[in-house]
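Close look at the chain arrangement
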Amino acid sequence: MSNVGSARVVSSVSAALKAVWWIPLLRGLALIALGILVMVRPLNTLIALTLIFGIFLLVDAAITVAHAVANRKQPGWKWWLVQGLVDLVFAGLLLLWPNLTVVVFFYLLVVWTIALGATAIIGSATLAKNKDLAWPWLLVFGLVAVLFGVMLLLRGGDSLSGTINVVGLLLGVFAFIAGSVQIVTAFSVRSMARDIDSALKGESPVLAAIIEREQNSAAQEAARVAEHEAEKAQRAAEKDAERAAREAEKQAERELKQQQRNAERTVEDTDQQDGPAQ
């Protein structure tokens, strides 16, 4: 593929990200709004909680279906549609269930979070297989939903005690956590699109940071090598100085011994000359 063709592909990815980044933001804001409604102003009746949660599911379904339509040319878009259908099914169950009780509402909430998380995890696997850049955030959302549902299933029922306030509190906690994940996802997708655009213009902050890091690493390595070479040269100079000192000491000893031998020869020569004279 030519450079022009590659640039077009990358540019299309950026355009796709910019076209959908607001959808997880909208979904996150809807979740946060749900959390505020059920936690800041506790709903004391099951009918009120059911109505609020049912309306949220309808809104969430509309958002996820819109996401699917916006991504319909991308592999894996059907899993967004499946999430919307999950919301619609549970909205229908909540709003049409005859004589709905707190326990039934609680377990519908459990099954909804697990089903929603499972579809998100499967969808993220499909996106990852097709090299979609948004798959990690969908995986995080799916894991949060599944883990929360499993936690409710294993421990939430023990503390339910038939009170609607407890169920509302649990729903609010999940809404805040899942909404936060969606909002972070939205701004991460937007930032990714901006980084791609900057890279196409040769102004990528990510690339600049990588180059700067490589330059710093090279400078640090050069400084380390220079320091090592200086230490090695210093040690070599010290060894040379020690060797020269030892050689000088040995030379001084040799000269001293030579002087002593010369002195002894002089004494012997003097003794020999004095002997015949006597």
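What this report covers is the structure whose coordinates are included nearby. Everything quoted here is computed from the prediction, not taken from an experiment.

Things to note about unusual backbone geometry
- One non-glycine residue, N99, lies in positive phi territory at about 55 degrees.
- Residue placement: N99 occurs in the loop between α4 (78-96) and α5 (102-129).
- Given the relative accessible area of 72%, N99 is considered exposed.

Focus on the nonpolar core
- With 42 residues, the main nonpolar core has F53, F56, L57, F105 and W112 as its most contacted residues.
- In terms of residue count, the dominant contributor to this core is α5 (ten residues).
- Other than its neighbours up to four places away in sequence, F53 contacts L34, L94, F105, L109, W112 and L171.

As for a nonpolar patch on the surface
- Taken together, the side chains of L51, I55, L58, V59, L85, L88, L95 and L96 present a nonpolar region at the surface, about 730 Å² in accessible area.
- Put simply, the parts of the chain that give the nonpolar patch at least two residues each are α3 (46-70) and α4.

Digging into the pattern of salt bridges
- This structure, assessed with the given rule, holds four salt bridges.
- In this structure, R27 and D60 form a salt bridge, with 2.8 Å as the shortest nitrogen-oxygen distance. Residue R27 is found in helix α2 (residues 22-39), and its partner D60 is found in helix α3; the two are separated by 33 residues along the sequence.
- For D60, a relative accessible area of 1% corresponds to the buried category.
- Among the salt bridges present, the one from D240 reaches R243, with a minimum N-O distance of 2.7 Å. Of the two residues, D240 and R243 both sit in helix α8 (residues 205-277), three residues apart, roughly one turn of that helix.
- Relative accessible area serves as the criterion here: at 44%, D240 is assigned to the partly exposed category.
- Note on R243: relative accessible area 42%, which makes it partly exposed.

Parameters at a glance
Residues numbered from 1 in each chain as written. Predicted model: local features only at pLDDT ≥ 70, side-chain atom pairs only at ≥ 80, totals over all residues. Heavy atoms only, no water. Helix = DSSP H or I, 4+ residues; strand = E, 2+ residues; numbered from the N terminus. Buried < 20%, exposed > 50% of the residue type's maximum accessible area, 1.4 Å probe, protein only. Core = buried A, V, L, I, M, F, W, Y, C linked by side-chain atoms within 4.5 Å. Contact = heavy atoms within 4.5 Å. Patch = residues over 30% accessible without salt bridge, like charges linked within 9 Å, V, L, I, M, F, W, Y side chains within 5 Å. Areas by Shrake-Rupley, 256 points an atom, 1.4 Å probe, with all protein chains shown as cover. Salt bridge = Lys/Arg side-chain N within 4 Å of Asp/Glu carboxyl O.

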